[in-house]
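# Secondary and tertiary structure notes
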Amino acid sequence: MRTEPHEQDFTSWLLHLGNGTLKNDCQLGEDIVEIPEECVVRESIVEEIFGSSVFDTENLSGKAILCPKNEDSLKINEQVLARFPGQNATYFSADSIISEDYE
């Protein structure tokens, strides 16, 4: 993966996070991670990542929000889906079929 020069600090931080080698400067426990200020979102993460306008496929395809917990992911998905126009619909899958054709 190629990164821009201004993204190299974040890339390095992310690698250290994934490897478990981050050190915090606050004399806190080793299980506490200090998040860089530029990564902190104080308002809506959905608006921060996707913007405030109605989504288009180009905008959606190049962005993602990662969550460590499913419950957080579900909340964010609800916020994203609420921004789309139209009615919500739920479609259920079928695990088997009923057929009179035994071939």
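What counts, and at which threshold
- Residues numbered from 1 in each chain as written.
- Predicted model: local features only at pLDDT ≥ 70, side-chain atom pairs only at ≥ 80, totals over all residues.
- Heavy atoms only, no water.
- Helix = DSSP H or I, 4+ residues; strand = E, 2+ residues; numbered from the N terminus.
- Buried < 20%, exposed > 50% of the residue type's maximum accessible area, 1.4 Å probe, protein only.
- Contact = heavy atoms within 4.5 Å.
- Phe/Tyr/Trp six-rings, centres within 6.5 Å; stacked < 30°, edge-to-face > 60°.
- Expected span 1.5 Å × (residues − 1).
- Salt bridge = Lys/Arg side-chain N within 4 Å of Asp/Glu carboxyl O.

You'll find the protein entered in an unreviewed UniProt entry as ATP-dependent DNA helicase, with Trichonephila clavipes given as the organism.

### Re the overall build of the protein
When its secondary structure is counted, the protein shows four helices and zero strands. For the protein, the α and β elements follow one another from N to C terminus as α-α-α-α. Sorting the 103 residues of the protein into buried and exposed places 9% on the buried side. Across the protein, every contact between residues at least 6 apart in sequence was considered, and the portion connecting residues at least 24 apart equals 36%.

### With respect to the packing of aromatic side chains
Inspection of every chain in the model, using the stated rule, returns one aromatic pair. Ring geometry for Phe10 against Trp13: centres 6.0 Å apart, planes inclined by 25°, an arrangement best described as stacked. Taken together, the residues Phe10 and Trp13, both in helix H1 (residues 8-19) and three residues apart, mark about one turn of the helix. According to the relative accessible area criterion, Trp13 is buried, its value standing at 16%.

### Section: H1
One turn of an α-helix holds 3.6 residues; hence residues three or four places apart share an orientation. With twelve residues, H1 should reach 16 Å at 1.5 Å per residue; the first-to-last C-alpha distance of 16 Å fits that figure. Following H1 by one or two positions, Gly20 adopts a phi angle in the positive range, close to 75°.

### Remarks on the pattern of salt bridges
Under the defined criterion, the tally for this structure stands at one salt bridge. The shortest N-O distance in the salt bridge between Arg42 and Glu37 comes to 2.8 Å. Take Arg42: its relative accessible area is 63%, and that puts it in the exposed class. Note on Glu37: relative accessible area 53%, which makes it exposed.

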